[in-house]
Amino acid sequence: MIISILLENGIFLKAKGFGATGTQVGEIVFNTSMTGYQEIITDPSYAGQFVVFTASEIGNVGVNSDDMESKDAFLKGIIVRNYNHNYSNFRGETSLDEFLKEKNILGISDIDTRYLTKLIRGEGSQMMVASSEIHDKEELEKILKNSKKISEINYIDEVTTDKVYIHSQGAWNDITLSYNAKNTSKKIAVYDFGVKRNILNELTQAGLECEVYPANTPVQQLIDKYQNEEIVGVFLSNGPGDPLVLTEIKENIQKLIQAKIPMFGICLGHQLLSIAHGYDTYKLKFGHHGGNHPVKKEAIEITAQNHNYNVPEDIRDITEVTHINLFDGTIEGVKYKNEPIFSVQHHPEASPGPRDSKYLFKEFADMLK
């Protein structure tokens, strides 16, 4: 199967295809993680994007049900140097090819991913179209020109839960090769903007029972629960897209702030807290996506990251900056002055990636009454 690719800058490429067939439009980004392609593919924060994997071999361990980060996969496609049709791993249940077909995700292989990564670093993230059906450049140009940019699309309704539920498991146990049983003493509400399961696992492991709510839940419902002592805090999850388009969610968070509810935000939740305080985010040139990003607190932490947007420098006016990215000096974490609120841009649950920042879940649990 041949895949034709057209980038927003006019570059036209051909590659081999696997997984689903069809035509998809999305934003192209790259991820530098060496392992964990399934966790990346099923991370809801990638909704609307094509992910270029800098690791050269993808598909070699197959796919399994334990490593799903969400209920589905929401990205448009993956781009790899080499796809391994024959997987070999004792935990593997099916091939990546079959998984992508089931989820209607394009797989693109036999292409110079180093070239694409350097292009994105030089020119920035951009939109692209890929198709197994249409191979005429002018036709693809029309499709790309008439498609919305990722900053114009609200993907939250697609990735959020459709009903309230209690998360039922703790963190992954490397000895038993299963998830730990739930052992919790305090309940929090989780605003689900595309939450990763391993974030819920780590919150539960820290002793917090997670009651997960759809993103469109009326905020007064959570405020009433807090004031009635049914919950002790709110967690604001990760999620996809441009946070500046989420005006209703921003207003909800402002009401949670006014109610003085303790909160912890990760990734999109971190950005939304900044916007709710009056400090708008900005888009990074090519984002942070990978499992090897050094972040400085008291010591150096190697962190997992997945975001295209960042909080502004002047947020220092109302926060204590707790974490700095050592690649580009951008703000990675803050604690709000005179408020029981803190947030980080990186992913302390990793999945995939290092576990240097897992202590943040315990810090949140310790902060709650």
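All residue numbers refer to position in the chain's written sequence, counted from 1. The predicted nature of this model means local features are confined to residues of pLDDT at least 70 and side-chain atom pairs, given and counted, to a pLDDT of 80 or more, with totals for whole chains, interfaces and linings taken over all residues. For side-chain calculations, the full set of non-hydrogen atoms in the structure is used, while hydrogens and water are omitted.

S.K.: I would appreciate a short explanation of the overall build of the protein chain in the present structure.
M.R.: Helix and strand assignments follow DSSP, with helices taken as H or I runs no shorter than four residues and strands as E runs no shorter than two, numbered in order from the N terminus. Across its full length, the protein chain holds 10 helices and 21 strands. Only C-alpha atoms enter the radius of gyration; for comparison, a globular chain is expected to reach 2.2 Å times N to the power 0.38, where N is the number of residues. Relative to the 2.2 N^0.38 estimate, which gives 21 Å for 369 residues, the radius of gyration of the protein chain is 20 Å and therefore close to what a compact globule would have. Taken along the three principal axes of its C-alpha coordinates, the protein chain extends 60 × 45 × 40 Å. Note on contacts: a residue pair qualifies if any of its non-hydrogen atoms lie within 4.5 Å across the two residues. In the protein chain, of all internal contacts separated by at least 6 residues, the share reaching a separation of at least 24 is 72%. Here the open area of atoms and residues is found with the Shrake-Rupley method and a 1.4 Å probe, where only the protein chains shown may cover a residue. Accessible surface, the protein chain: about 15,300 Å² in total, of which carbon and sulfur atoms supply 46%. His is not counted, nor are the chain ends; Lys and Arg add positive charge and Asp and Glu add negative charge. All charge positions are set by atom: Lys at NZ, Arg at CZ, Asp at CG, Glu at CD. In the protein chain, 37 positive and 50 negative side-chain charges are present, and the distance between their average locations comes to 2 Å.

S.K.: I'm lost on the side chain of T113 in this one. Help?
M.R.: Mapping T113 onto the fold places it in helix 3 (residues 113–123). When accessible area is computed with a 1.4 Å probe and restricted to protein chains, residues below 20% of their type maximum are described as buried, those above 50% as exposed, and intermediate ones as partly exposed. Relative accessible area serves as the criterion here: at 5%, T113 is assigned to the buried category. In this view, T113 contacts V52, F53, I79, V80 and R81; residues no more than four positions away in its chain are not counted.

S.K.: How do you make sense of helix 3 when you look at a structure like this?
M.R.: Among the residues of helix 3, T113, L116, T117, L119 and I120 are the ones counted as buried. Considered in projection along helix 3, the buried side chains sweep an arc of 160 degrees and stay on one side of the axis. In helix 3, the exposed positions angled more than 90 degrees off the buried face are occupied by R114 and K118. Any N or O atom pair separated by 3.5 Å or less is treated as a polar contact, with the protein-specific requirement of one donor-capable and one acceptor-capable atom, and with residues adjacent in sequence counted only for side-chain atom pairs. A distance of 3.2 Å separates the backbone nitrogen of R114 from a side-chain oxygen at the start of helix 3, and that oxygen is part of D112. Where helix 3 ends, the next residue or the one after it, G124, has phi of about 95 degrees, a positive value. As used here, the arc is the angular range of directions from the helix axis to the C-beta atoms.

S.K.: Can you help me understand the nonpolar core in this one?
M.R.: Side chains of nonpolar character tend, in soluble globular proteins, to be buried together. F193, V234, L236, I249, I253, L256 and M263 are the most contacted members of the largest nonpolar core, which totals 30 residues. Those elements that place two or more of their residues in this core are strand 13 (186–192), helix 7 (219–227), strand 15 (234–236), helix 8 (247–258), helix 9 (268–276) and strand 20 (331–336). Ignoring any residue separated from it by four or fewer positions in sequence, one finds I249 in contact with I156, F193, A215 and L272. Within this scheme, the nonpolar core is defined by two criteria: the residues are buried Ala, Val, Leu, Ile, Met, Phe, Trp, Tyr or Cys, and they are joined through side-chain atoms within 4.5 Å.

S.K.: Whenever I open this one, unusual backbone geometry confuses me. Can you help?
M.R.: Backbone geometry follows two general trends: most residues other than glycine have a negative phi, and most peptide bonds adopt the trans configuration. The amide bond that connects S351 to the next residue, P352, takes the cis arrangement and shows omega of 5 degrees. Here N104, not a glycine, exhibits a phi torsion of approximately 60 degrees, which is positive. Its location among the elements puts N104 in the loop between helix 2 (96–103) and strand 8 (106–109).

S.K.: When you look at the state of the cysteines in this model, what are you seeing that I'm missing?
M.R.: A covalent bond between the sulfur atoms of two cysteines is referred to as a disulfide. By disulfide we mean two sulfur atoms from cysteines, separated by a distance within 2.5 Å. One pass over the structure, following the stated rule, counts zero disulfides. For C210, which is in no disulfide, the shortest distance to another cysteine sulfur is to C267 and amounts to 17 Å. By relative accessible area, C267 is classed as buried at 2%.

S.K.: When you look at the sheet that holds strand 16 (residues 263–266) in this model, what are you seeing that I'm missing?
M.R.: Sheet strands associate in pairs through backbone hydrogen bonding, adopting either a parallel or an antiparallel arrangement. With mixed pairing, 10 strands are arranged side by side in an open sheet as 10-14-13-15-16-21-20-19-17-18. Each edge of the open sheet is held by one strand with a lone partner, namely strand 10 (165–166) and strand 18 (300–310). Alignment of strand 16 against strand 21 (residues 341–344), held across four bridges, turns out to be parallel. When the bridges of strand 21 are listed, M263 appears paired with I341. Strands are labelled as partners when DSSP assigns at least two bridges between them.

S.K.: Help me out: how do you make sense of a negative patch on the surface in this one?
M.R.: Patch membership is restricted to residues that have no salt bridge and whose relative accessible area is over 30%. Joining uses 9 Å for like charges and 5 Å for the nonpolar side chains Val, Leu, Ile, Met, Phe, Trp and Tyr. Within this document, salt bridges are pairs made up of a side-chain nitrogen of Lys or Arg and a carboxyl oxygen of Asp or Glu, the two lying within 4 Å of each other. On the surface, a cluster of negative charge is made up of D136, E138, E139 and E141. Here D136 lies in the loop between strand 9 (126–131) and helix 4 (137–145). The class for D136 is partly exposed, based on a relative accessible area of 43%.

S.K.: Explain the side chain of H307 to me, please; I cannot follow it from the model alone.
M.R.: Summarising the element assignment, H307 is placed in strand 18. On the basis of relative accessibility, which here comes to 3%, the residue H307 falls in the buried class. In this structure the side chain of H307 is engaged in a polar contact, spanning 3.0 Å, whose partner is the side chain of Q305. At a separation of 2.8 Å, a polar atom in the side chain of H307 contacts the main-chain carbonyl oxygen of Y309. Each residue touching H307, except ones within four places of it in the same chain, is listed here: C267, Q271, L284, G287, H288, H289, E332 and Q345.

S.K.: Just to check I follow, could you spell out the packing of helix 7 against helix 8 for this structure?
M.R.: Two numbers describe a pair of packed helices, the interaxial angle and the distance between the axes. Direction vectors running N to C along helix 7 and helix 8 enclose 20 degrees, while the axes themselves pass 9 Å from each other. Here helix 7 lies roughly parallel to helix 8, going by the angle between them. Crossing angle aside, the handedness with which helix 7 passes helix 8 is right-handed. Facing helix 7, whose interface residues are V219, L222 and I223, helix 8 presents N252, K255 and L256. Basically, the charged four are Asp, Glu, Lys and Arg, the nonpolar ten are Ala, Val, Leu, Ile, Met, Phe, Trp, Tyr, Cys and Pro, and anything else, Gly included, counts as polar. Here the residues of the contact of helix 7 with helix 8 are counted per class, giving four nonpolar, one polar and one charged. To obtain an axis, a line is fitted to C-alpha atoms, over the contacting stretch when the element is a helix, and the angle between two such axes runs from 0 to 180 degrees between their N-to-C directions. Here roughly perpendicular refers to angles of 65 to 115 degrees, roughly parallel to angles under 35, roughly antiparallel to angles over 145, and oblique to all remaining angles. Each helix crossing is assigned a hand: it is left-handed if the near helix lies turned anticlockwise from the far helix by less than a right angle, otherwise right-handed if that turn is clockwise.

S.K.: Whenever I open this one, the packing of aromatic side chains confuses me. Can you help?
M.R.: For any pair of aromatic rings, the description consists of the separation of the ring centres together with the inter-plane angle of the planes. Stacked, tilted and edge-to-face are the three classes assigned to paired rings of Phe, Tyr and Trp, where Trp is represented by its six-membered ring and a pair needs centres within 6.5 Å; plane angles under 30 degrees give stacked, over 60 edge-to-face, the rest tilted. Inspection of the entire model under this criterion finds nine aromatic pairs. A centroid spacing of 6.2 Å and a plane angle of 70 degrees characterise the contact between F264 and F361, whose relative ring orientation is edge-to-face. Taken as a pair, F264 in strand 16 and F361 in helix 10 (residues 359–367) lie far apart in primary sequence, 97 residues in all. For F264, a relative accessible area of 0% translates into the label buried. The interplanar angle of 70 degrees and the centroid separation of 6.2 Å between the aromatic rings of F342 and F364 together place this pair among those described as edge-to-face. Of this pair, F342 sits in strand 21 while F364 sits in helix 10; the two residues are 22 residues apart in sequence, bridging distant segments of the chain.

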